[in-house]
Amino acid sequence: MTAVDEARPATAPAARPETGTVLRFPTGFRWGTATAAYQIEGGAAEDGRTPSIWDTFSRTPGKVRNGDTGDIAADHLHRMPDDVRLMKDLGVTDYRFSVSWPRVQPTGRGPAVERGLDFYRRLVDELLGAGIRPVATLYHWDLPQELEDAGGWPERDTAHRFAEYAGLVAGALGDRVSTWTTLNEPWCAAFLGYGNGVHAPGRTSDLAALRAAHHLNLAHGAGAKVLRERLPDTAEISLTLNLHALRPLTDTEADRDAVRRIDAVANRIFLDPVFHGRLPEDLVADTAAVTDWSFVKDGDLEVTSTPIDSLGINYYSPSVVSAGTSESPSPWAGAEQHVAFTPAAGPRTAMDWPVDADGLYELLTRLRDELPSVPVLVTENGAAYDDYADPEGEVHDPERVAYLDGHLGAVHRAIADGADVRGYFLWSLLDNFEWAYGYSKRFGIVHVDFASQRRTVKDSARWYAEVIGRGGLERT
């Protein structure tokens, strides 16, 4: 029996809520929060750490807003015990963090640097001491720069290097960490990093993006194999995808075909190799002008479909798709000349992303139908707003509270309708370095004054603590 089986909820929530009630979540539901190493740790040159592609990208003029870098970020490397105490005060049961590859294995090759591993050993010990389950993500986009210099994710050797790195971290933390995620959002790593270049390493090539996607799938499978060999039988091994909730602009054949094209290059390019050991036939046909997919070698799809215990999904907003033409360079390899995007209606976050909880419900019920035997964790969900501390030092963020309430309501509704959702990880614990947006966007439920590193608990954090405490959402 795996750890996932042991944690299977004993009961499901009521099918439909009544007014004046609590929408209770299943017994054993995992209430978490999440962060990523480059976004919060800082200490960019400490303990033997060398540059990642994000260090290089953020130091390249014009790539990141205001020239911001993650050199200091939220200084979590030095403030970690205090941050764990914040989590304990909130009552979270789980904390999803990522391991910095260049902090552990600076060149992406060879033995681990023990000083780098020691930070994660201390983090895990602090979490366990606080009664919080550590959930480790091995890759959240911080590829060692030396591996990028050797070709990066478009080269298959990077997948083998990842598997070696996975074994190093498993050997150091496997006796105390029971939940492992291989990759976070490989779509972003491949298509934003190598397709339209808005993320590190900033390359713009449809072919490089498709090659990167395959080698990320290969890295996931090879890494999962190594984890299975190195970890106890009870360990939970997972993958996190940012699946796209897609809707046609109109109910025409052309717009429905546009959805199909994006579904292939955004969702099924990962779902099919990982869960079915195959490439989507329509994806191969759609991208024939870009590649013949000869970089997929015999045996690769057997590796990519190495069995895993759960699937993490990250969701923020849906996409409305129609026939048309996308901007160039585009992250939609093979679909640029056929697909356009229309802003969804309704309120928007500070990222200009539409607020639409129904998209999360749609993804969860899609997975219920297509992968009925695979438990799901919502591993990221949250919103950026223009938060600030008022003269009394308080941070009031009612828009975020409303966003979270609506999306947790969608999770509850999906569970009631048969989706096997085991947990929810709010993004994010702390305001942080928000990739190409630098420090201009705040996703945290804890405000960070980046000049002083002062932490201030926002109203949304207090609200989330109350939800966790009662085990559900209050309805009046």
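Cut-offs and rules
- Residues numbered from 1 in each chain as written.
- Predicted model: local features only at pLDDT ≥ 70, side-chain atom pairs only at ≥ 80, totals over all residues.
- Heavy atoms only, no water.
- UniProt positions renumbered as here; feature names shortened; annotations may be inferred.
- Helix = DSSP H or I, 4+ residues; strand = E, 2+ residues; numbered from the N terminus.
- Pairing = 2+ DSSP bridges.
- Axes fitted to C-alpha atoms, helices over the stretch in contact; angles between N-to-C directions.
- Contact = heavy atoms within 4.5 Å.
- Buried < 20%, exposed > 50% of the residue type's maximum accessible area, 1.4 Å probe, protein only.
- Polar contact = N/O pair within 3.5 Å; in protein donor to acceptor, adjacent residues only side chain to side chain.
- Parallel < 35°, antiparallel > 145°, perpendicular 65-115°, else oblique.
- Left-handed = near helix turned anticlockwise from the far one by under 90°.
- Core = buried A, V, L, I, M, F, W, Y, C linked by side-chain atoms within 4.5 Å.
- Salt bridge = Lys/Arg side-chain N within 4 Å of Asp/Glu carboxyl O.

If you check an unreviewed UniProt entry, the protein chain appears there as Beta-glucosidase from Streptomyces globisporus. Recorded in UniProt for the protein chain, the comment headed Catalytic activity (unreviewed entry) runs: "Hydrolysis of terminal, non-reducing beta-D-glucosyl residues with release of beta-D-glucose." According to UniProt, the comment filed for the protein chain under the heading Sequence similarities (unreviewed entry) is "Belongs to the glycosyl hydrolase 1 family."

Enquirer: Just to check I follow, could you spell out unusual backbone geometry for this structure?
Expert: Only a minority of non-glycine residues have a phi that is not negative, and only a minority of peptide bonds are not trans. For the bond running from Ser328 to Pro329, omega is -5 degrees, close enough to zero to count as cis. Mapping Pro329 onto the fold places it in the loop between β9 (319-323) and β10 (339-342). Following Trp427, the chain continues to Ser428 via a peptide bond in cis, the omega torsion being 10 degrees. Residue position: Ser428 is located in the loop between β12 (421-427) and β13 (446-449). In this structure, Trp141 takes a positive phi of about 85 degrees despite not being glycine.

Enquirer: Just to check I follow, could you spell out the sheet that holds strand β5 (residues 179-184) for this structure?
Expert: Pairing between the strands of a sheet comes from backbone hydrogen bonds, and it takes one of two forms, parallel or antiparallel. If you trace the eight strands once around the closed barrel, you get β2-β3-β4-β5-β6-β8-β11-β12, paired in parallel fashion. Pairwise comparison of adjacent strand axes, ignoring direction, gives a mean angle of 25 degrees for this sheet. Where strand β4 (residues 133-139) and β5 come together, four bridges link them in parallel fashion. When the bridges of β5 are listed, Thr137 appears paired with Thr181. Along the sheet face, helix α15 (residues 398-416) touches β2 (30-34), β11 (376-381) and β12 and points at about 170 degrees away from the line of β12.

Enquirer: Explain the UniProt feature "active site" (unreviewed entry) in the protein chain here, please?
Expert: According to UniProt, the feature "active site" (unreviewed entry) maps to Glu380 in the numbering used here. Secondary-structure assignment places Glu380 in strand β11. On the basis of relative accessible area, Glu380 is assigned to the buried category, the value being 4%. If sequence neighbours within four positions are ignored, Glu380 has contacts with Arg96, His140, Asn184, Glu185, Ile313, Asn314, Tyr315, Tyr316, Phe425 and Trp427. In terms of polar contacts, Glu380 uses its side chain to reach the side chain of Arg96, at 3.3 Å.

Enquirer: Can you help me understand the packing of helix α8 (residues 157-173) against helix α10 (residues 206-230) in this one?
Expert: The packing of two helices is summarised by the inter-axis angle and the distance between the axes. Two numbers describe how α8 lies on α10: the axes approach to 8 Å, and their chain directions differ by 30 degrees. As judged from the angle between their axes, α8 and α10 are roughly parallel. Crossing hand, α8 versus α10: right-handed. In this structure, α8 contributes Ala159, Phe162, Ala163, Ala166, Gly167, Leu168 and Ala170 to the contact, and α10 contributes His215, Leu218, Ala219, Ala222, Gly223, Val226, Leu227 and Arg230.

Enquirer: Is there a simple way to think about the packing of α15 against helix α16 (residues 459-470) in this case?
Expert: One way to put it is that α15 packs onto α16 with a least axis distance of 9 Å and a crossing angle of 30 degrees. Here α15 is positioned roughly parallel relative to α16, judged by the angle of their axes. Facing Arg400, Val401, Leu404, Asp405 and Leu408 of α15, the residues of α16 in contact are Asp459, Ser460, Trp463, Tyr464 and Val467.

Enquirer: What is the right way to look at the nonpolar core in this model?
Expert: Soluble globular proteins: nonpolar side chains tend toward being buried together. Trp54, Tyr139, Trp153, Phe191, Leu364, Val411 and Tyr464 are the most contacted members of the largest nonpolar core, which totals 155 residues. Of the residues forming this core, the biggest block, 12 residues, is contributed by α10.

Enquirer: How do you make sense of the environment of Pro329 when you look at a structure like this?
Expert: The class of Pro329 is partly exposed, set by a relative accessible area of 42%. Separated by 272 residues in sequence, Pro329 and Phe57 have C-alpha atoms that sit 18 Å apart. If we ignore the near neighbours within four places in the chain, the residues touching Pro329 are Gly195, Asn196 and Thr204.

Enquirer: For this particular structure, what's the right way to read the pattern of salt bridges?
Expert: It is possible for side chains of opposite charge to pair when their charged atoms get near one another. For the coordinates displayed, the defined rule picks out 48 salt bridges. Close ionic contact of Asp309 with Arg228 constitutes a salt bridge, the shortest N to O distance being 3.2 Å. Linking Asp309 in the loop between α13 (300-304) and β8 (310-314) with Arg228 in helix α10, this pair joins segments that are 81 residues apart in sequence. Assessed through its relative accessible area of 34%, Arg228 is described here as partly exposed. Between Arg413 and Asp358 there is a salt bridge whose closest N-O contact spans 2.9 Å. With Arg413 in helix α15 and Asp358 in helix α14 (residues 358-370), the pair connects residues that are 55 residues apart, well separated along the chain.

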